[in-house]
Amino acid sequence: MPTAVAAATTPTALWNDSAALSELTRSIAWGAVGATCNPVIALAAIRADQPRWTARLRELAAEHPTAGESALGWMVVEELSVEAATLLEPAFEASGGRNGRLSMQTDPRLHRDAAALADQAERFSGLAKNIIVKIPATKTGIEAMEEAAYRGVSLNATVSFTVPQAVAVAEAIERGMQRREAEGLPVPEFGHVCTIMGGRLDDWLKAFVAKERILIDPGHLEWAGVAALKKAHHLFVERGYRVRILSAAFRNSMQWSELQGGDLVVSPPFDWQARINENDLPVDPHAIDEPVAEEHLAALRTISEFTKAYEVDGMAVEDFEHFGATRHTLRQFLDADAQLDAVVRDVLVPAP
């Protein structure tokens, strides 16, 4: 089983891109030592077990008679996350906190308020000892990350697709950690990670070239996310950041196979893990050090949006929120929040 072999023989950690308990349980058996969640994933997990969560929502509504749709929906997200975190406690203890983490995402509706993001991150961090909190890698989010890292929150940067975003995230977390150290506060293993949603970078470049009527061999576009992930990982290692890269938003198997051997995290959705195992993909423990072929990079560099994503100085922090993949993903997360409200509304005020 390739995922189990990779987990046992390389430093690359496998996390499950879902907090659904049935999937996470099987993924742990395949070598997973962590899990990630976001509004889209949480909504899917609730819908996958709707009878259970509908009953629980009715109970929560009775316990909190003045709570609105959003508050009740997030209570369910919290319960779902804490349950999943319990499954990961053995990996948390075995790794000294480096793995065994369950990612909870801050409310995307707070994306313009750094103080609110930091406060919610701190509260989520207290729900379980192995919670890691997602904050978007925008200018506002990066400001919140520095403050949350200073407060002792374990962080996972999300809505992140590019090398400049990853570097800005790592430097902000380092600043927060250094503030803790300067004040004599404890600095245990926080297990910080910075996600690069490689598949969503691929998606954006495909949409961009179509919109701009640019003809390019589509095979080159499959390598964009992998190229950004490899470059960011090697930069993190060279600079000694106390943050690992995390590969998410899978669109092809290379976003797993091409990263093996590095001290980073790969977080495929459960179905991608199943397909990797069903196809018995080979595990190359040196894959992370194999450069992306120059023919792919040369073709990708003809696309201005790839240059923004790949070069360390491709974007300023102020540009992050305007990057196409950022806007698309934030809108999707905000829409998932609205859909969760609708699920709660159908419980509170069922259709006649």
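Our structure's up above, just so we're on the same page.
Not measured: the values here are computed from a predicted model.

Asker: Even after reading the chapter, I still don't get the packing of aromatic side chains, so can you show me in this structure?
Answerer: For any pair of aromatic rings, geometry is given as the distance between the ring centres together with the angle between the planes. One pass over the structure, following the stated rule, counts 6 aromatic pairs. When the ring centre of Tyr 310 is taken as origin, the NZ or CZ atom of Lys 231, which lies over that ring, is 4.2 Å away.

Asker: Whenever I open this one, the side chain of Ser 81 confuses me. Can you help?
Answerer: Relative to the helices and strands, Ser 81 is located in helix α5 (residues 69-87). The residues touching Ser 81, leaving out its near neighbours within four places in the chain, are Leu 102 and Met 104.

Asker: Is there a simple way to explain empty space enclosed by the protein in this structure?
Answerer: Empty space among the atoms becomes visible once a probe the size of a water molecule is rolled across them. Scanning the model with the defined rule gives 4 cavities of 30 Å³ or more in all. Residue lining of the largest cavity: Pro 39, Ala 42, Leu 43, Ile 46, Trp 74, Val 77, Ala 336, Asp 337 and Leu 340, and that is the complete set. Those elements that provide at least two residues to the lining of the largest cavity are α3 (39-48), α5 and α17 (324-348). When residues of the lining of the largest cavity are assigned to their parent elements, the largest contribution, 4 residues, is made by α3. Its residues assigned to classes, the lining of the largest cavity comprises 8 nonpolar, no polar and 1 charged.

Asker: Mind showing me how you'd approach the environment of Ala 61 here?
Answerer: Structurally, Ala 61 is set in helix α4 (residues 50-63). Sequence separation of Ala 61 and Ala 71 is 10 residues, and the distance between their C-alpha atoms is 9.8 Å. Not counting chain neighbours up to four residues away, the residues in contact with Ala 61 comprise Leu 72 and Leu 348.

Asker: What is the right way to read the pattern of salt bridges from this model?
Answerer: Side-chain pairing between opposite charges can occur once the charged atoms of the two side chains come close. For the coordinates displayed, the defined rule picks out 28 salt bridges. The salt bridge involving Arg 56 is made with Glu 59; its shortest N-O contact spans 2.9 Å. Of this pair, Arg 56 and Glu 59 are both found in helix α4, 3 residues apart, which corresponds to roughly one turn of the helix. Note that Lys 129 and Glu 93 form a salt bridge whose closest N and O atoms lie 2.5 Å from each other. Residue Lys 129 is located in the loop between α7 (114-125) and β4 (131-136), and its partner Glu 93 is located in helix α6 (residues 89-94); the two are separated by 36 residues in the primary sequence. You can call Lys 129 partly exposed: its relative accessible area is 48%. Of the residues examined, Glu 93 reaches a relative accessible area of 47% and is grouped as partly exposed. What you see here is one network of salt bridges that share partners, running through Asp 119, Glu 122, Glu 146, Glu 147, Arg 151, Arg 175 and Arg 179.

Asker: Sorry, what's going on with the packing of α4 against α17 here?
Answerer: Two quantities define a packed helix pair, namely the angle between the helix axes and the distance between the axes. The interhelical angle for the contact between α4 and α17, taken along N-to-C directions, is 70°, at an axis separation of 10 Å. For the element pair α4 / α17, the angle class is roughly perpendicular. The chirality of how α4 crosses α17 is right-handed. Of the residues in α17, those in contact with Gln 50, Thr 54, Leu 57, Arg 58 and Ala 61 of α4 are Val 343, Val 344, Val 347 and Leu 348. Tallied by class, residues from the contact of α4 with α17 come to 6 nonpolar, 2 polar and 1 charged.

Calculation notes
Residues numbered from 1 in each chain as written. Predicted model: local features only at pLDDT ≥ 70, side-chain atom pairs only at ≥ 80, totals over all residues. Heavy atoms only, no water. Phe/Tyr/Trp six-rings, centres within 6.5 Å; stacked < 30°, edge-to-face > 60°. Lys NZ or Arg CZ within 6 Å of the ring centre and 35° of its normal. Helix = DSSP H or I, 4+ residues; strand = E, 2+ residues; numbered from the N terminus. Contact = heavy atoms within 4.5 Å. 1 Å grid on protein atoms, 1.4 Å probe; cavity = no way out; pocket = protein on both sides within 12 Å on 5 of 7 lines; lining within 4 Å. Points joined across faces, edges and corners; volume = space filled by probe spheres on them. Nonpolar A, V, L, I, M, F, W, Y, C, P; charged D, E, K, R; others polar. Salt bridge = Lys/Arg side-chain N within 4 Å of Asp/Glu carboxyl O. Buried < 20%, exposed > 50% of the residue type's maximum accessible area, 1.4 Å probe, protein only. Axes fitted to C-alpha atoms, helices over the stretch in contact; angles between N-to-C directions. Parallel < 35°, antiparallel > 145°, perpendicular 65-115°, else oblique. Left-handed = near helix turned anticlockwise from the far one by under 90°.

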